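Descriptive analysis of the structure
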Amino acid sequence: MSAIHMNGLPFNAILGMEDPKKAILCSLVNPRIRTVLITGCSGSAKTVLSRAAGVLADKEVVNVPLNVTEEQLFGGMDIEATLKNGNPTIQKGILHRANGKILYVDDINLLDQKVAISLTDCVLENRVVLEREGISAEYPCETTLIATINPEGPELSTHLTDRFDLCAYAIFPEDEDSRKEILRRNAEFQKRTDDFIELYKAEDDALRSKIEKAKAILGFTEISDGLLSVIVELSVKVSAEGFRGDLALINAAMALAALDGRDEVTRKDVEEAASISLMHRRNNNHESPERKEKRQNEQDEDREKHEDREPDEGEESCKDEGQRPETGEDDEGEGPVKQPDKDEGPNPEESVEGMTSDDVLFEIGKQFEVIDYLHGTSRRVRKTTSRKGRRAPAESLDTTGRYTNSRIPEGKARDIAFDATVRAAAPYQRSRAPGNLMISINSQDIRVKVRERPSGSTILFLVDASGSLGVRKRMSAVKGAVLSMLRDSYVKRDKVGLMAFRRDSAEMILQPTRSAEYGYVKLSEIPTGGKTPLAEALISANTFMARYSRSHPGEICYVVVITDGRANVPIDPNADANEEAMKIASDISIPDVEWIVVDASSGYIRFDNAEKLAMELEGSYFKLDDLDSDRIAEGVRAIIR
Amino acid sequence: MDKLLFPFVSIVGQEEMKKALLLNIVDPSIGGVLIKGEKGTAKSTAVRSLAQILPWRNSVEGCAFNCDPSMPGRLCPYCKDKVSLGEELDSVNVRMRVVELPLSATEDRVSGTLDIEHILKTGERKFDPGVLAQANGNLLYIDEVNLLDDHIVDLLLDSAAMGVNYVEREGVSFSHPSRFILVGTMNPEEGDLRPQLLDRFGLSVEVKGDRGTEERMEVVRRRLKFDIDPEDYTERHRGESEELTSRLSKARELLPEVSADDDILRAIVKMTTHFGIDGHRADITMMKAAKANAAMEGRTAVSKEDVEAVAPLTLPHRMRRRPFEEEAFDKEELDRCLQSI
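Structural notes, computed from the coordinates. If you're wondering where the values come from, they're calculated on a predicted model, not measured in any experiment.

To continue, consider the interface of chain A and chain B. In this complex, chain A contributes 70 residues to the contact, which on the side of chain B involves 57 residues. Applying the counting criterion to the chain A and chain B interface returns 9 salt bridges. Here A:K114 makes a salt bridge to B:D149, at a shortest N to O gap of 3.3 Å. Seen at the junction of chain A and chain B, the total is 19 residue pairs in polar contact (both at pLDDT 80 or more). Classifying every residue of the side of chain A that touches chain B by side-chain character gives 23 nonpolar, 19 polar and 28 charged.

Here you go:
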């Protein structure tokens with residue numbers, strides 16, 4: 001990425017990147033495509049491509065730095081002008097400069113969530129509404145947003161992802177020849193930049209005129225009703241929420257047709273457009289029929305084994321009314337959309353539809369009351385204003401966290417926002433008698449900083465949903481326990497995430513969110529059945545938390561593993577599943593992440609697997625059986641504290 | 001009108017959301033709407049496009065606070081001064097507006113600012129009106145309302161509760177009327193709404209995206225037509241939009257004449273009791289909404305059907321539930337309850 005020349009690498013000189021190129025071309029042709037997301041690891045030429053797009057479109061590329069303030073982005077007060085004329089005068093923001101140009105955000109997943117949402121909203125609405133610090137304005141912002149995310153970083157929320165019309169995966173060519181060619185072109189470009197650009201000039205010019213022609217055709221481009229229904233079916237198939245996907249697909253298909261010089265959209269256009277408009281909106285992990293069958297067989301065996309091992313004690317059978325077996329739909333199959341090389345990770349929206357007929361859906365079992373944290377000497381040592389409330393302690397000494405905004409102080413001002421204070425004082429300078437200072441500041445000008453709250457704690461529940469927990473409604477108890485802890489987090493406004501493991505994988509059911517209610521829904525939808533891939537689950541949780549804690553500094557993270565600890569799916573097919581899991585557990589160590597093991601095993605014969613697991617993880621250990629009433633919550637809390 | 005918005009009358013389905021919005025326009029005292037729903041389901045589009053169908057209202061000419069001349073009790077200090085000096089308030093007919101509160105708004109722009117020095121020096125009030133002044137008599141829209149900063153939410157709550165915006169600085173205070181239809185949209189995945197704010201909303205609707213292929217096709221087809229030629233599309237729907245505006249205006253005029261008999265009152269109370277809702281706010285809101293519904297249909301007597309139509313908009317978000325108990329507002333139970341009345 002160091003190779004960004006003033007002119008940039010020509011568009012056609014960039015090797016590979018077919019999908020990102022396609023997406024960008026579509027956006028250059030069709031102004032109804034406003035937002036393009038490029039996913040790719042660092043070094044996959046995302047930035048280079050965006051610059052090249054600017055050159056190709058003959059538009060300036062306006063960059064949004066990650067540490068951008070709302071002030072800089074949306075606009076604010078021009079202090080100099082305000083001082084001079086005594087009236088609040090607007091200083092337009094980056095979004096104003098982006099009008100008629102291309103807006104570029106690198107690593108948008110690292111941008112503040114609220115800022116990212118406001119930004120995409122402005123781009124989609126073509127305008128900026130500004131109500132900040134004495135300035136009230138509205139200005140147009142017609143721009144194409146090109147943003148990138150690095151899949152190694154934190155994930156973009158699905159809400160934000162949906163705001164991107166198109167999303168393309170930048171795949172770095174793996175073969176040696178391509179890599180060599182890339183190097184060669186780069187070297188050439190650095191050495192003889194002008195010659196190099198000249199070399200691709202004809203090609204780039206041709207592409208430019210193709211875009212121009214396409215723009216002219218676009219107005220006449222038509223799409224048949226038949227294809228329209230194909231599109232709608234496609235988006236239903238991937239269970240895309242809302243209609244943005246359908247519309248993006250149509251707009252991209254139209255652009256592709258126009259680029260090809262046609263005024264009629266064909267099926268091929270639709271197929272090509274689908275890969276960049278629906279992939280990031282899909283909501284199901286499709287399972288092929290063979291694989292499903294294999295799993296079902298596995299599960300049958302699994303269940304038989306369990307029945308051998310755990311004789312029915314006659315009190316509650318597996319088919320208790322407390323559980324509602326629900327059969328899944330059988331028509332899922334592979335979507336016609338090709339899967340990207342880059343796996344986005346298990347889908348958070350995996351729904352009940354993904355169940356096989358042997359899966360069982362357990363209701364949430366008994367919950368228990370949680371003692372009153374708010375008045376206990378709980379872990380609010382961090383002063384995270386964990387209770388969102390108007391009576392947040394004014395004497396908060398918490399001056400950590402990023403300065404995001406300013407406000408009028410309540411009571412005594414401590415954490416003064418100097419810039420905002422000066423801006424507040426600026427309009428009055430002409431009328432104030434000058435003191436000894438350059439700028440005269442009165443008490444009503446004082447503004448204090450609003451800092452991004454270090455968001456307290458994040459708790460990831462790693463729930464064992466394997467068949468062994470289906471016995472005697474154990475899963476109901478587990479769900480009850482998780483719910484009790486969720487409720488606890490709701491009060492504290494901690495972030496909670498849910499990951500479940502069964503069969504041969506661990507799945508992220510819910511990305512850490514403050515919406516605990518959402519967690520409730522997801523929790524009730526977790527099906528039970530299949531084997532126990534404990535090792536896999538530990539690795540998944542560990543990988544996720546390692547990444548997560550890095551991108552959320554200052555947050556305390558916990559992983560609560562709820563399992564009987566009896567692994568039976570090793571990663572290495574020759575290994576002993578339990579030994580392997582213990583080995584992995586002992587290797588796990590992320591600073592700032594604490595592990596808690598809740599033993600969910602039941603029956604007379606006690607296994608100490610979970611206890612061993614806790615030891616290997618150097619975490620705390622609790623028995624689910626002891627959980628009744630509020631014991632677990634207390635126990636967990638004792639650790640968390 | 002700079003940018004054309006997709007016509008409200010052309011939105012496919014989403015009947016509950018549309019109804020909730022329209023009822024509030026008929027009677028702003030219902031207390032606004034919270035629209036929760038999946039992403040990309042045209043929530044924002046619907047609210048913003050209300051601008052095309054909002055009715056006309058009277059306002060004092062040149063008043064920054066949009067004072068209503070027919071409401072002498074609710075005038076801003078400037079208009080009050082004029083009245084006390086015996087001056088006539090010139091009235092103009094203006095269209096209600098959709099005033100947007102961006103997430104990036106700062107406190108001073110929301111509540112407005114008081115120029116204390118000017119007051120101290122000259123003894124004259126000097127107030128720079130903010131969003132809450134613009135919103136008076138209009139519709140205040142907050143997209144992604146659950147992401148709004150707490151201190152901004154507090155300002156809104158105060159105004160929404162009292163209909164007055166109080167600004168106090170350094171012992172000097174200023175207040176002006178600020179009555180508005182509060183409309184918020186949010187995606188629940190991004191976090192919950194503070195309970196205090198939730199209670200403020202008179203009505204709530206949940207927008208779902210799961211629809212049949214046919215309906216989906218229609219949504220996409222209409223949007224496509226609009227995108228290709230927004231002027232033409234808007235023009236084609238102008239008649240329908242105007243018709244809706246005049247229906248709203250008529251309903252607003254009719255509203256004071258709408259009445260409900262004791263049976264209706266009993267039905268409402270029975271229903272809120274049945275669903276275990278505390279406080280009178282639900283009863284009052286349901287009554288207002290039912291009246292507005294009757295007015296929309298040109299009737300002056302509230303019927304059971306009106307109550308039936310508005311109950312799903314008033315009850316769900318008020319049901320006293322502990323967090324995490326299923327927010328299952330059971331429509332069947334509602335039917336049973338209605339039947340028994």
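In this section: the sheet that holds strand β8 (residues 144–149) of chain A. Strands belonging to one sheet form pairs held by backbone hydrogen bonds; the direction of such a pair is parallel or antiparallel. Residues and elements named next belong to chain A. Read from one edge of the open sheet, 5 strands run β2-β5-β8-β1-β9, paired in parallel fashion. Each edge of the open sheet is held by one strand with a lone partner, namely β2 (61–64) and β9 (166–169). Across this sheet, the average inter-strand angle for adjacent strands is 20°, counted without regard to direction. Pairing of strand β1 (residues 35–39) with β9 involves 4 bridges; the strand directions are parallel. In the sheet register, I38 faces β9, and the bridge partner there is A168. Strand contacts of helix α2 (residues 46–57): β1, β2, β5 (102–105) and β8, with the helix running at about 175° to β5, the strand carrying the most contacts.

Moving on: the packing of helix α17 (residues 534–551) of chain A against helix α18 (residues 577–587) of chain A. Residues and elements named next belong to chain A. Remark: α17 packs on α18, axes separated minimally by 8 Å, with the N-to-C direction vectors making an angle of 20°. Judged by the inter-axis angle, α17 sits roughly parallel to α18. Once α17 is placed against α18, the crossing between them reads as left-handed. Only E580, A581, I584 and A585 of α18 make contact with α17, whose side of the interface consists of L534, A535, L538 and I539. Across the contact of α17 with α18, the residue classes tally to 7 nonpolar, no polar and 1 charged.

What follows covers unusual backbone geometry. In this structure, A:M17 takes a positive phi of about 55° despite not being glycine. Positive phi is not limited to glycine here, since B:Q14 has a value of about 55°. Topologically, B:Q14 is positioned in the segment before α1 (15–26). Judged by its relative accessible area of 13%, B:Q14 falls in the buried class.

What follows deals with the side chain of A:D165. Residues and elements named next belong to chain A. Relative to the helices and strands, D165 is located in the loop between α7 (158–162) and β9. Although D165 lies buried, it forms no salt bridge, and the closest oppositely charged side chain, R281, sits 4.7 Å away as judged by the N-O distance. Those residues in contact with D165 that sit more than four places away from it in its chain are R32, I33, R34, T35, A248, I276, S277, H280 and R281.

We now examine the nonpolar core. Counting 64 residues, the largest nonpolar core has A:I223 and A:V270 as its most contacted members. Of all the elements, helix α11 (residues 244–259) of chain A adds the most residues to this core, at 12 residues. The contact partners of A:I223, leaving out residues within four places of it in the chain, are A:L228, A:I231, A:I250, A:M254, A:V265 and B:L224. B:L22, B:I35, B:L54 and B:M286 belong to the second-largest nonpolar core, a separate cluster that totals 60 residues.

Criteria and thresholds
In this numbering scheme, every chain counts its residues from 1 along its sequence in written order. Labels are handed out in written order, letters beginning with A for the chains and numbers beginning with 1 for the ligands. The model is predicted, so local features are restricted to residues of pLDDT at least 70 and side-chain atom pairs to those at 80 or more, both for listing and for counting; the totals for chains, interfaces and linings are taken over all residues. By convention in this description, side-chain values take in all heavy atoms of the structure and omit both hydrogens and water. Residues are treated as being in contact if the distance between any of their heavy atoms lies within 4.5 Å. By convention in these notes, a salt bridge is any Lys or Arg side-chain nitrogen within 4 Å of a carboxyl oxygen on Asp or Glu. Whenever a nitrogen or oxygen atom comes within 3.5 Å of another N or O atom, the pair is scored as a polar contact, on the condition that within protein one atom can donate a hydrogen and the other can accept it, and that pairs from neighbouring residues in sequence are kept only if both atoms are in side chains. Residue type decides the class: Asp, Glu, Lys and Arg count as charged, Ala, Val, Leu, Ile, Met, Phe, Trp, Tyr, Cys and Pro as nonpolar, and the leftover types, Gly among them, as polar. Note on pairing: two strands pair once DSSP finds at least 2 bridges between them. Only DSSP runs of H or I covering at least 4 residues are called helices, and only runs of E covering at least 2 are called strands; the numbering of each starts at the N terminus. The axes are straight lines fitted to the C-alpha atoms, using for helices just the contacting stretch, and the angles between their N-to-C directions are given from 0 to 180°. Each angle is binned into one of four classes, with values under 35 degrees roughly parallel, values over 145 roughly antiparallel, values of 65 to 115 roughly perpendicular, and all other values oblique. Helix crossings are classified by the rotation of the near helix relative to the far one: an anticlockwise turn of less than a right angle makes the crossing left-handed, while a clockwise turn makes it right-handed. Only protein chains enter the accessibility calculation, which uses a 1.4 Å probe; a residue whose area is less than 20% of its type maximum is buried, one above 50% is exposed, and one in between is partly exposed. Counted as positive: Lys and Arg. Counted as negative: Asp and Glu, with His and the chain ends omitted from the count. Among the buried residues, those of types Ala, Val, Leu, Ile, Met, Phe, Trp, Tyr and Cys that are joined through side-chain atoms within 4.5 Å form a nonpolar core.

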